[in-house]
Amino acid sequence: MKYLLNGHSLMMASDLCNGCGRCVEVCPHGVFAMVQKKAEIVNLGDCMECGACGMNCATDAISVESGVGCAQLVVASMWRGNGGRTECGCGG
Amino acid sequence: MSESGCGRNGKPQTNCSQAKPAAAQTIRDLGTTLTWRDVAGAWGVRWGYRRMSYMIEPGLYRIGRPDAESKVLVTANYKLTVDVVRRALHGLNVWLLVLDTKGVNVWCAAGKGTFGTAELIARVQATGLAKVVRHRTLVVPQLGAVGVAAHEVSRATGFSVHYGPVRASDIPAYLASGMKATEAMRRVTFTWKERLAVAPMEVVGSLKPAGAILAVLALLELVEHRRLTTGLVADMAPFVAAILTGGVLVPLLLPWIPSRVFAVKGALLGLCLAAAVLWLQPLDPATGMGVSLLILAITSYMGMAFTGATTFTTLAGVRMEVRWALPCILIAAVAGAILRVAGAFI
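Residues numbered from 1 in each chain as written. Chains lettered and ligands numbered in written order. Predicted model: local features only at pLDDT ≥ 70, side-chain atom pairs only at ≥ 80, totals over all residues. Heavy atoms only, no water.

A closer look at the overall build of chain A
Looking only at helices and strands, chain A features 3 helices and 4 strands. Sequence-ordered secondary structure for chain A, helices as α and strands as β, is β-α-β-β-α-β-α. Looking at chain A as a whole, 45% of its 92 residues qualify as buried. For chain A, the proportion of contacts with a sequence separation of at least 24, taken over those separated by at least 6, is 47%. Counting only carbon and sulfur atoms, one obtains 54% of the accessible surface of chain A, whose full area is about 4600 Å². (Helix = DSSP H or I, 4+ residues; strand = E, 2+ residues; numbered from the N terminus. Buried < 20%, exposed > 50% of the residue type's maximum accessible area, 1.4 Å probe, protein only. Contact = heavy atoms within 4.5 Å. Areas by Shrake-Rupley, 256 points an atom, 1.4 Å probe, with all protein chains shown as cover.)

Right, dumping it as structure tokens:
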């Protein structure tokens, strides 16, 4: 299943990639693949911007604005007028 | 299940002879069979009962009879998570390192950072894991990668991180194949069973608003008839149906409802429901319009709210959706409420 703006902030600087393959390993949606000993974005449309790839990139080759795609969280932060990140209340 | 571990299997343990409270280094046993209380507890939290306090003590646990060469698996201290994991580990001899995630599951806790690099490093050190096992390998659930930087854990503790499968049920196969995860083990799914499992929370969350609607309907009934009649049931029925549509049908039918926008998915099912209500109940135009708008507002909002329970929505996408859907929903709700109340006096 796909949503809106999937992967819009995911960026990869191939020249920084050391080919460790961590991003391929951690991505839950198969966004990356190893191509000639370097990781490449092959499936951007499935990216949910969870941030696992960027978190585990030792050479900072990957950048992504990660966050939880939760409307209740977004509405709550609008309500409080800070527009920023609110502590996610759920998790079960 | 916070078993003390003292004297279990008839084995006296050094910790037990000392009258000290459980120290950080205490290693406890964890069984792999669930009792009816575990099953009941799982049902409870699925419906929101004790959801935020359903946890076990963080620390190092024994599954079976692990030795210095046994694998170390890492998990969260949400008891529902621990139960799923230990059940999957039946028959294996492994160590389970339980992180303090404040009773939240691995993926959500990783998003918050509580299932994270700092906690993992601290827990490895506090439990003295390096003295318990000879190898230097940790198996961390793949979804924990959102909060854990593997290279930083290695640098700080000397333990290298292997990301295990997404689902606990794949752990035995993963370990048996020499810690190799198949493509399928690495992918997050959102099957109808998984969607249905998170649906109860959507319904529970709407109980308060439902109570408020019921109170207003009862008040209108009192003003109109000076007493409560069975008509109140018929008045409330469309709203109960709307909540079940938004909370259960939208999750269940998610992949097949047109549009990627969850608020639209909810509204589409709401339209069907409104048509059914108007066909079943003879209502005057104002009341009919009011009820229809309120149904649309409820199903649309609940559809939108379900974004948080899914496995594929993005924050940027949700922000965009909320920005244009929320005003529409609010207008529908206010207009619907005015028409529904006015309809009672026409």
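Some thoughts on the pattern of salt bridges
All names here are of chain B. Scanning the model with the defined rule gives 14 salt bridges over all chains in all. The salt bridge partner of glutamate 183 is arginine 187, with a shortest N-O separation of 2.9 Å. The structure contains a network of salt bridges with shared partners spanning Asp38, Lys79, Asp83 and Arg86. (Salt bridge = Lys/Arg side-chain N within 4 Å of Asp/Glu carboxyl O.)

Section: the side chain of B:Thr310
All names here are of chain B. You can see threonine 310 is positioned in the loop between helix H14 (285-305) and helix H15 (315-343). Looking at threonine 310, its side chain comes within polar contact range of the main-chain oxygen of threonine 307, at 2.8 Å. For threonine 310, the side chain forms a polar contact with the side chain of threonine 313, separated by 3.2 Å. With near-sequence residues (within four places) excluded, threonine 310 lies in contact with Phe190, Leu254 and Phe262. (Polar contact = N/O pair within 3.5 Å; in protein donor to acceptor, adjacent residues only side chain to side chain.)

Regarding the domain arrangement of chain B
Residues and elements named next belong to chain B. When the domains of chain B are assigned, the result is domain 1 (8-186) and domain 2 (192-343). The gap between the C-alpha centroids of domain 1 and domain 2 is 40 Å. Across the contact, 6 residues belong to domain 1 and 6 residues belong to domain 2. In this assembly, domain 1 packs against domain 2 so that about 560 Å² is buried in total across both faces, 70% of it on carbon and sulfur atoms. When the area that domain 1 buries against domain 2 is broken down by residue, the three leading residues are Arg46, Trp47 and Trp107, summing to 78%. At the junction of domain 1 and domain 2, the tally comes to 0 salt bridges. Linking domain 1 with domain 2 are 0 residue pairs in polar contact (both at pLDDT 80 or more). Each residue belonging to the side of domain 1 that touches domain 2 can be placed in one class, and the counts come to 3 nonpolar, 1 polar and 2 charged. (Domains from an automatic or database assignment. Buried area = accessible area lost by both parts, 1.4 Å probe. Nonpolar A, V, L, I, M, F, W, Y, C, P; charged D, E, K, R; others polar.)

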